[in-house]
Amino acid sequence: MYQETAKRLLEFIRKSPTAFHAVEEMGQRFLERGFKELKEEEHWELCCGGNYFVTRNHSAIIAFSIPKEEVWQFRIMASHSDSPSFKIKENPEITVEDAYVKLNVEKYGGMLLAPWFDRPLSVAGRMIVRENGKFKEKLVCVDRDLLMIPSLAIHMNREVNEGYKYNVQTDLLPLYGSSEAKGSFLSLIAGEAGVKEEDVLGHDLFLYNRTPGTIWGAENEFISSSRLDDLQCAFSSMEGFLNGGRSESIAVHCVMDNEEVGSTTKQGAASTFLKDTLMRINAGLGRTQEEYLMTLAGSFMVSADNAHALHPNYTGKADPVNRPVLNKGIVIKYNANQKYCTDGLSGAVFKDICREAKVPVQTFVNRSDIAGGSTLGNISNTQAAMNTVDIGLPQLAMHSSYETAGIQDTEYLIKAAEVLFR
Ligand code: ZN
């Protein structure tokens, strides 16, 4: 069963090279299941027993189900749609000595740089075009090997293996073509989107890794792909949400954008997107502001973002006791300084959910001398405060362009989400 799930996860990631595509893909899944798409700029007519979804910026999505019976709590699982990558700058082409055309890019998020070298890359994202006098958004994904960031040969820097500091502006620019390709990049992308170059008014284009995901290891126990952080959690949340009964609470599947750059955008976890949606659900049910606050106080959120597993070559980097490993279950993340918002109570609630779902849990705490990362939970709580746990699936090589996880863990999170949303 978990092999099937892992294959479906890889298929979902293949179709989701950017946050825009991930949200499009999830929206399609919800439409197929009879969900109604709501627009933020329109009035919402909600009814008990209804299933809905809404997107913001085409890169964040919230789906929710209102049970037939009267319920007074939200059950939320939140994850993120974005991953570190390179964004294509305006006027992207740079000609090199009449020999090459390369592209001007900048970093999006905090990534490991080395894994982007010497592998086929391509371009995906969205374009804003003029169509019949109106602005229209077009998703685009160039589905072929288009770019490469070649390393410098060892002969030209013999000391490189002693440690090298990459300069993103000079070392990481992808090669696009020979000099004949000059001036063709934006028209090529426009052509892929089925529009004319002169109709393109704006773009949000990113590099993506063309290497397909794979299942591997002595017993096929590992899965590797780009964007496991955090599409593995977004996919599990979506599957658990669709499978769950959704009858004891208002079930909310929430995928935010821009986690990798601090969440402070209109579609990030620090925005009002979740709060606005929850308030409009409350209003749509004919409830008062006080009743919204009462509902929030009784609600529970699972902030799902991948976690660091014990690394086979760097075991000293893990806490001496809390050492999660691949395929051994969902990781509950703790941090005294509340970079992770798990506390004794929310950790207990989540352990109980996993007990009911019959899935194993592990715990993660940073080594006390390593700062570690942060995630969605506490940021989201500044807008819509409720009891929240931070969890994730164990993985290696976080923020590499090709990450590694356990093949069984996706299934565990789906099962836990089913219980959460029941
Ligand atoms: Zn993440």
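Peer 1: Got a sec to walk through the nonpolar core? Specific residues and values, please.
Peer 2: Within the largest apolar cluster, 48 residues are counted, with the highest numbers of intra-cluster contacts made by Phe30, Ile330, Phe350 and Ile391. By residue number, the principal contributor to this core is helix α5 (residues 228–243), which donates eight residues. In this structure, Val105, Val140, Ile149 and Val200 belong to the second largest nonpolar core, which totals 31 residues.

Peer 1: Describe the packing of helix α1 (residues 2–14) against α5, and please don't skip the residues or the numbers.
Peer 2: Between α1 and α5, the shortest axis-to-axis distance is 10 Å and the interhelical angle comes to 115°. Two packed elements cross with a definite hand, and for α1 against α5 that hand is right-handed. Listed contacts from α5 to Thr5, Arg8, Leu9, Phe12 and Ile13 of α1 are Leu228, Leu231, Gln232, Phe235, Met238 and Glu239. Residue composition of the contact of α1 with α5, grouped by class: seven nonpolar, two polar and two charged.

Peer 1: Tell me about the side chain of serine 249, and please be specific about residues and values.
Peer 2: Here serine 249 is to be found in the loop between α5 and β13 (250–256). The exposure class assigned to serine 249 is buried, which follows from its relative accessible area of 1%. With near-sequence residues (within four places) excluded, serine 249 lies in contact with Ser65, Pro67, Val71, Gln73 and Arg75.

Peer 1: I'd like a rundown of the sheet that holds strand β15 (residues 307–308), residues and numbers included.
Peer 2: Read from one edge to the other, the open sheet built from five strands follows the order β11-β12-β20-β19-β15, with strand pairing classed as mixed. Here the strands that pair on one side only, and so sit at the sheet edges, are β11 (214–216) and β15. Where strand β12 (residues 222–225) meets strand β20 (residues 403–406), four bridges bridge the pair, whose relative direction is antiparallel. Bridge pairing in β20 links isoleucine 223 to alanine 405. The strands touched by α5 within the sheet are β12, β19 (394–396) and β20, with β20 carrying the most contacts at an inclination of about 35°.

Peer 1: Please set out the side chain of serine 122 residue by residue, giving values where relevant.
Peer 2: Within the element layout of this structure, serine 122 appears in strand β7 (residues 121–131). There is a polar contact of 2.8 Å between the side chain of serine 122 and the backbone oxygen of valine 142. Among all residues touching serine 122, those that are not within four sequence positions of it are Val142, Arg144, Leu146, Leu147, Phe206, Leu207, Tyr208 and Arg210.

Peer 1: Break down the environment of valine 23 for me, citing the residues and quoting the values.
Peer 2: Considering the arrangement of structural elements, one finds valine 23 in helix α2 (residues 19–32). For valine 23, a relative accessible area of 1% translates into the label buried. In sequence terms valine 23 and phenylalanine 117 are 94 residues apart; their C-alpha atoms lie 28 Å from each other. Valine 23 has contacts with Thr55, His58, Ser59, Ala60 and Ile61, leaving out every residue within four places of it along the chain.

Peer 1: Explain the state of the cysteines to me, using residue names and the numbers behind them.
Peer 2: Simply put, disulfide is the name for a covalent bond between the sulfur atoms of two cysteines. Throughout the structure, instances matching the rule amount to zero disulfides. Note on cysteine 233: no disulfide assigned, nearest cysteine sulfur contributed by cysteine 354 at a separation of 12 Å. With no disulfide of its own, cysteine 254 has cysteine 233 as its nearest cysteine by sulfur position, at a separation of 13 Å. Residue cysteine 254 is classed as buried on the basis of its relative accessible area of 1%.

Peer 1: Lay out the coordination of the zinc ion with the relevant residues and their values.
Peer 2: For the zinc ion, the full set of protein donor atoms is His80 (NE2), Asp229 (OD), Asp305 (OD) and Asp305 (OD), at a range of 2.0 to 2.8 Å. Of note is the zinc ion, whose four donor atoms meet at the metal with angles of 52 to 146° in an arrangement that counts as irregular. Expressed as a motif, the donor residue spacing for the zinc ion is H-x148-D-x75-D. Residue histidine 80 is located in strand β4 (residues 74–80), and its partner aspartate 305 is located in the loop between β14 (300–304) and β15; the two are separated by 225 residues in the primary sequence. Here histidine 80 matches aspartate 305 in class, with each residue buried.

Peer 1: Report on helix α4 (residues 185–192), specifying residues and quantitative values.
Peer 2: Buried within α4 are the following residues: Phe185, Ile189 and Ala190. Viewed along the axis of α4, the buried residues span an arc of 130°, placing them on a single side of the element. Of the surrounding elements, those touching the buried residues of α4 are β5 (85–96), β6 (100–108), β7, β8 (134–141), β9 (175–178) and β10 (200–209). Of the residues flanking the end of α4, it is glycine 194, one or two places downstream, whose phi is positive at about 75°.

The rules we used
Residues numbered from 1 in each chain as written. Predicted model: local features only at pLDDT ≥ 70, side-chain atom pairs only at ≥ 80, totals over all residues. Heavy atoms only, no water. Core = buried A, V, L, I, M, F, W, Y, C linked by side-chain atoms within 4.5 Å. Buried < 20%, exposed > 50% of the residue type's maximum accessible area, 1.4 Å probe, protein only. Helix = DSSP H or I, 4+ residues; strand = E, 2+ residues; numbered from the N terminus. Axes fitted to C-alpha atoms, helices over the stretch in contact; angles between N-to-C directions. Left-handed = near helix turned anticlockwise from the far one by under 90°. Contact = heavy atoms within 4.5 Å. Nonpolar A, V, L, I, M, F, W, Y, C, P; charged D, E, K, R; others polar. Pairing = 2+ DSSP bridges. Polar contact = N/O pair within 3.5 Å; in protein donor to acceptor, adjacent residues only side chain to side chain. Disulfide = S-S within 2.5 Å. Donors = N, O, S within 2.8 Å, 3.2 Å for Na, K, Ca; no water. Tetrahedral: all angles 85-135°; square planar, octahedral: opposite > 155°, others 65-115°. Arc of directions from axis to C-beta.

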